[in-house]
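Secondary and tertiary structure notes
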Amino acid sequence: MYAYDKEAALSAGAGSRIAEFGAYTGVFTLVEHKEAQSGSKGIQFNFECDDGRTASFYMNTIKKDGGTNSIGHGHINALMRILSVNGLETSDAMVDAKGVKTKTKVFEALHNKPIGVMFSSHAELYDGRENIKLDHVMFYRANDKMSAAEIINKATTATAYEKTLERLKHTPLGNGGAQRQSSSGTGVPDGYVPSDDDIPW
């Protein structure tokens, strides 16, 4: 009745979202500039890992008072070093947000390049339902697991990867997990513009 199909097996995770903390390699399919009404600014990442699963996460770079968010700024510069990108400029693009074409500003220099991303996770309450939200922890070079600092310092082995991987964890509700209400029960919606309360640092 059924014959083994290798391609079907490999595609089994395609289209689903990453639901567990861990380390994943893949590409950024969309990297958008975002601005909140408060004046804070940051970058929204749409990530697709090698098996087709996806994740979205936001990184604040400019606080609402105009000051630099040193943690977010540091992560962006680490990403630039890992991907050998010397500068980032936005360009206009039309993206599909739930079937509607929307104009946005994107960082094309970060699109479709192999990258490693580590996530921790925490539980949030959306419309009475528990959802898992991923939190970016670290970028690393996909082919050798080197961190930005190791690349800069010309290290011969990747040690930060294993040390960071061991510290990754999930935070459940009632143990530091957030309890928020959302207009969507599916987590972060397409076209999401974060507020300062959404910044995890």
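Residues numbered from 1 in each chain as written. Predicted model: local features only at pLDDT ≥ 70, side-chain atom pairs only at ≥ 80, totals over all residues. Heavy atoms only, no water.

What follows deals with the pattern of salt bridges. What the rule picks out here adds up to 5 salt bridges. A salt bridge links Lys105 to Asp92; the shortest N-O distance between them is 3.1 Å. With Lys105 in strand β5 (residues 100-106) and Asp92 in strand β4 (residues 91-97), the pair connects residues that are 13 residues apart, well separated along the chain. Note that Asp144 and Arg141 form a salt bridge whose closest N and O atoms lie 2.6 Å from each other. Accessibility expressed as a relative area gives 27% for Arg141, which makes it partly exposed. The network of salt bridges with common partners includes Asp92, Lys103 and Lys105. (Salt bridge = Lys/Arg side-chain N within 4 Å of Asp/Glu carboxyl O. Helix = DSSP H or I, 4+ residues; strand = E, 2+ residues; numbered from the N terminus. Buried < 20%, exposed > 50% of the residue type's maximum accessible area, 1.4 Å probe, protein only.)

On to the environment of Lys101, then. Within the secondary structure, Lys101 sits in strand β5. Take Lys101: its relative accessible area is 56%, and that puts it in the exposed class. Apart from the residues within four sequence positions on either side, Lys101 is in contact with Met94, Val95 and Asp96. (Contact = heavy atoms within 4.5 Å.)

Before going further, it helps to examine the packing of aromatic side chains. Tallied over the full model, the rule gives 11 aromatic pairs. Here Phe28 and Phe45 contribute two aromatic rings whose centre-to-centre distance is 4.9 Å and whose plane-to-plane angle is 45°, an arrangement assigned as tilted. Residue Phe28 is located in strand β1 (residues 22-35), and its partner Phe45 is located in strand β2 (residues 41-49); the two are separated by 17 residues in the primary sequence. The pair formed by Phe28 and Phe45 is uniform in burial state, with each residue classed as buried. Note on Phe45 and Phe57: the rings are 4.8 Å apart at their centroids and 15° apart in plane angle, and the pair reads as stacked. Here Phe57 lies in strand β3 (residues 54-62) and Phe45 lies in strand β2, a separation of 12 residues in the sequence. Every member of this aromatic cluster is reached through a ring pair, and the members are Tyr24, Phe28, Phe45, Phe47, Phe57, Phe119 and Phe139. (Phe/Tyr/Trp six-rings, centres within 6.5 Å; stacked < 30°, edge-to-face > 60°.)

This prediction gives the protein a mean pLDDT of 85; 79% of its residues lie at or above 70. Low pLDDT (under 50) marks residues 179-201, which in the prediction has 52 contacts with non-local residues, meaning those over four places away or in another chain. (pLDDT = per-residue confidence, 0-100.)

In this section: the nonpolar core. Judged by nonpolar contacts, the single largest core of 28 residues is most densely connected at Phe28, Phe45, Phe47 and Phe139. If you list the elements that add at least two residues to this core, you get β1, β2, β3, α2 (70-82), β6 (115-126), β7 (129-140) and α3 (148-152). For Phe139, the residues in contact, after removing those within four places along its chain, are Phe28, Phe45, Phe57, Met59, His75, Leu79, Ile82, Ile115, Gly116, Val117 and Ser147. Formed by 5 residues, the second largest nonpolar core is a distinct cluster that contains Met118, Met138, Tyr140 and Tyr161. (Core = buried A, V, L, I, M, F, W, Y, C linked by side-chain atoms within 4.5 Å.)

What follows concerns the side chain of Asn69. Looking at the secondary structure, you find Asn69 in the loop between β3 and α2. A polar contact is formed between the side chain of Asn69 and the side chain of Asn60, at a distance of 2.8 Å. (Polar contact = N/O pair within 3.5 Å; in protein donor to acceptor, adjacent residues only side chain to side chain.)

The next subject is α2. The end-to-end C-alpha distance of α2 is 18 Å, a good match for the 18 Å that 13 residues give at a rise of 1.5 Å each. Taken together, the buried positions of α2 are occupied by Gly72, His75, Ile76, Leu79, Met80 and Ile82. One side of α2 holds all its buried residues, which, seen down the axis, span an arc of 165°. The elements touched by buried residues of α2 are β1, β2, β3, β6, β7 and α3. (Expected span 1.5 Å × (residues − 1). Arc of directions from axis to C-beta.)

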